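# Commentary on secondary and tertiary structure
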Amino acid sequence: MISETITEDCCLGNGGGIVRVCSNGNGSGNNSKGEEQLSEVQIKKAKVQKEMTMQDIFGDANELDDDEDEDDMEWDPLREQVTISKWFCTNCTMVNFEGAVHCHKWYLIHELNYLHANDSHCKQACGEYKESGILEHGFFASPESLEANITVSTAKSVSSKEAPVSLVPASTNRTLVGFDERMLLHCEVEVKSHPHPERPDRLRAIIASLTTAGILPGKCHPITAREIAPRELLKVHSLAHVEAVELTEQAISSYFTPDTYANKHSAQAARLAAGLCADLTSEIYNGRAKNGFALIRPPGHHAGVHQAMGFCLHNNAAIAALVAQAAGAKKDVHHGNGTQEIFDGSTSVLYVSLHRHECGRFYPGTGASYEVGVKGAEGYCVNIPWMRGGVGDKDYLFAFQYVVLPIALEFDPDFTIISAGFDAARGDPLGGCDVTPPGYARMTQMLSTLAGGKMLVILEGGYNLRSISSSATAVIKVLLGESTECCQGIGGPSGAAVQTVLDVLNIQSKTRDKEEEEKPKSPAMVVDVL
């Protein structure tokens, strides 16, 4: 609950001036005729101005008499205060005013009705209860009240210190999860008018969902976190960048860009996130586990060689890719400009990105379809840029069927990394797209057919807690081999999506026609699903 105090300023007349009648030196009030006429005009003018101002504020100025006017002249505006209370939705961070018990934020659904945004059937309210229980029970908590209708098995809370991977018997059928509570210490210190969307509650909601579902601990195996070494970071980032991130440990609060914050714990959180991704990749790639999920923050796919941006400090997917010279599929709504920059001239990594672009008007503005790679690596970068928001399951799956999988099969990667940014999910306050948990599950299933199923999913964006926790749970169920709802009978794609896919296929076919030799097998594949 946040209260703001607003002081009402009711000064009279234009500019807040008060007209006063001047008297002579002896105070008798004997003025010249001209002065008396001028004073009368000024008094009448001031009274009209006062009545208009008071009417705007109170609405009953016409009922005021002369006695009330005299009382108003003695009124002190500093003693009259109006308090407006507001609260921020735990689920989506949107502001709501006192009196509302559910979040009023509306967002678009059904991308085919995107041009009819005023239609009620293509809008859906956040509707999260003011005292939401989503941080205790995850998306299983009721959005309408404190009561939770939990029908799944429950388990104790997970801790990064429990069941380290070195103590768990090695098995090629294991699904690993990387998490460390110290990453929750990375948060924005400076108090602003609105909560930052990249907040610790993102991890808390996912952990609560997995715990309530009996998945973690239980079905997944935690891996012990370690802080990545500087020499490992320097394979991806410049020395100046690494030193700049480390320097934040000396400040209570700092910013790389207006929206990319750090506190004294952020550098360690970034090292832990990168270290977990590196170790998970090593475990999976070397056959000690079948797949894994890196439940980490801060995110990384916007971080480039020389700069931190877009909430990202170190590029976790790039670090993981270099561990085994393998990269993977990324689900997010913003183009992973940092990942593309790092691998733009590499033939060891196939980078595929699906993202909202809108001809460069959507953040970060990069990732046009004609960006296909440089310096002999043309064709190793595939961008599928959506031209509008509201893109949903049927559009993404259409692109997967006709672009992502055919190109992936051509390159035949040894390892798949999914940088999973769930800001393409329905209800996300930043992404404005409409992908559902079954949609994410189906895309994960399709990618699991590559590289013998060796896959690492890395958390990137996603800022609606109910969407991110339900989507992450659906993806992990696919990793575990459990049956899950996967977009049955979803229909066909939108016309805009079909046009985008056709444009990409045209550009990519020209790139491949220029090459006389067959492309070599690619040990790494990065797919940004945005």
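Anything mentioned here points back to the structure above.
The model shown is predicted, which means the values in this text are computed figures rather than measured ones.

## Points about the pattern of salt bridges
For the structure shown, the criterion picks out 17 salt bridges. Note that Asp201 is salt-bridged to Arg204, the shortest N-O span being 2.8 Å. Placement of the pair is Asp201 and Arg204 together in helix α4 (residues 201-212), with a separation of 3 residues, close to one helical turn. The exposure class assigned to Asp201 is buried, which follows from its relative accessible area of 18%. A relative accessible area of 36% means that Arg204 is categorised as partly exposed. With a closest N to O distance of 2.9 Å, Arg226 and Glu232 form a salt bridge. Several salt bridges share partner residues, and in doing so they unite Glu227, Glu246, Glu249 and Arg271 into one network.

## Observations regarding the pairing of strand β15 (residues 455-459)
Taking burial as the measure, the 5 residues of β15 include 5 buried ones, the bulk of the element. Across 4 bridges, strand β10 (residues 291-294) lies against β15 in parallel orientation. Its bridge partner lying in β15, Asn291 is registered against Met455. Pairing of strand β14 (residues 415-420) with β15 involves 5 bridges; the strand directions are parallel. Note that in β15 the partner of Thr416 across the bridge is Met455. As for the winding sense of the linkage, the β-α-β connection from β14 through helix α11 (residues 437-447) to β15 is right-handed.

## Digging into the nonpolar core
Core analysis: the biggest nonpolar cluster contains 91 residues, and Met183, Phe293, Leu295, Leu354, Phe422, Leu456 and Ile458 have the highest contact counts within it. Element by element, the count of residues in this core is highest for helix α10 (residues 393-411), at 11 residues. The residues contacting Ile458, other than those within four sequence positions of it, are Cys277, Ala294, Ile296, Asn316, Ala317, Ala320, Ile417, Ile418, Ser419 and Ala420. Trp87, Cys92, Cys103 and Cys126 belong to the second largest nonpolar core, which has 5 residues in total.

## Quick notes on unusual backbone geometry
Note: most residues except glycine have negative phi, and most peptide bonds are trans. A cis geometry characterises the amide bond from Arg297 onward to Pro298, with omega recorded as 5°. In this structure, Pro298 sits in the loop between β10 and α8 (316-323). The residue after Tyr363, namely Pro364, is reached through a cis peptide bond having omega 0°. Within the fold, Pro364 resides in the loop between β12 (349-356) and β13 (381-386). Even without glycine at this site, Asp412 takes up a positive phi of about 50°. Tracing the chain through its elements places Asp412 in the loop between α10 and β14.

## Points about the packing of α10 against α11
Between α10 and α11, the shortest axis-to-axis distance is 10 Å and the interhelical angle comes to 10°. One way to sum up the angle between α10 and α11 is to call them roughly parallel. Across from Asp393, Tyr396, Leu397, Phe400, Gln401, Val404 and Leu405 in α10, the residues of α11 making contact are Gly439, Arg442, Met443, Met446 and Leu447.

## Observations regarding helix α12 (residues 465-479)
For α12, with 15 residues, the first-to-last C-alpha span of 21 Å sits near the 21 Å given by 1.5 Å per residue. Across the 15 residues of α12, 14 count as buried, placing the element largely inside the fold. If you check the start of α12, you find a side-chain oxygen 3.1 Å away from the backbone N of Arg466, and it comes from Asn464. Residue Gly481 follows α12 closely and has a positive phi angle near 85°.

What counts, and where the lines are drawn
- Residues numbered from 1 in each chain as written.
- Predicted model: local features only at pLDDT ≥ 70, side-chain atom pairs only at ≥ 80, totals over all residues.
- Heavy atoms only, no water.
- Salt bridge = Lys/Arg side-chain N within 4 Å of Asp/Glu carboxyl O.
- Helix = DSSP H or I, 4+ residues; strand = E, 2+ residues; numbered from the N terminus.
- Buried < 20%, exposed > 50% of the residue type's maximum accessible area, 1.4 Å probe, protein only.
- Pairing = 2+ DSSP bridges.
- Right-handed = clockwise from strand over helix to strand, strands pointing away.
- Core = buried A, V, L, I, M, F, W, Y, C linked by side-chain atoms within 4.5 Å.
- Contact = heavy atoms within 4.5 Å.
- Axes fitted to C-alpha atoms, helices over the stretch in contact; angles between N-to-C directions.
- Parallel < 35°, antiparallel > 145°, perpendicular 65-115°, else oblique.
- Expected span 1.5 Å × (residues − 1).
- Polar contact = N/O pair within 3.5 Å; in protein donor to acceptor, adjacent residues only side chain to side chain.

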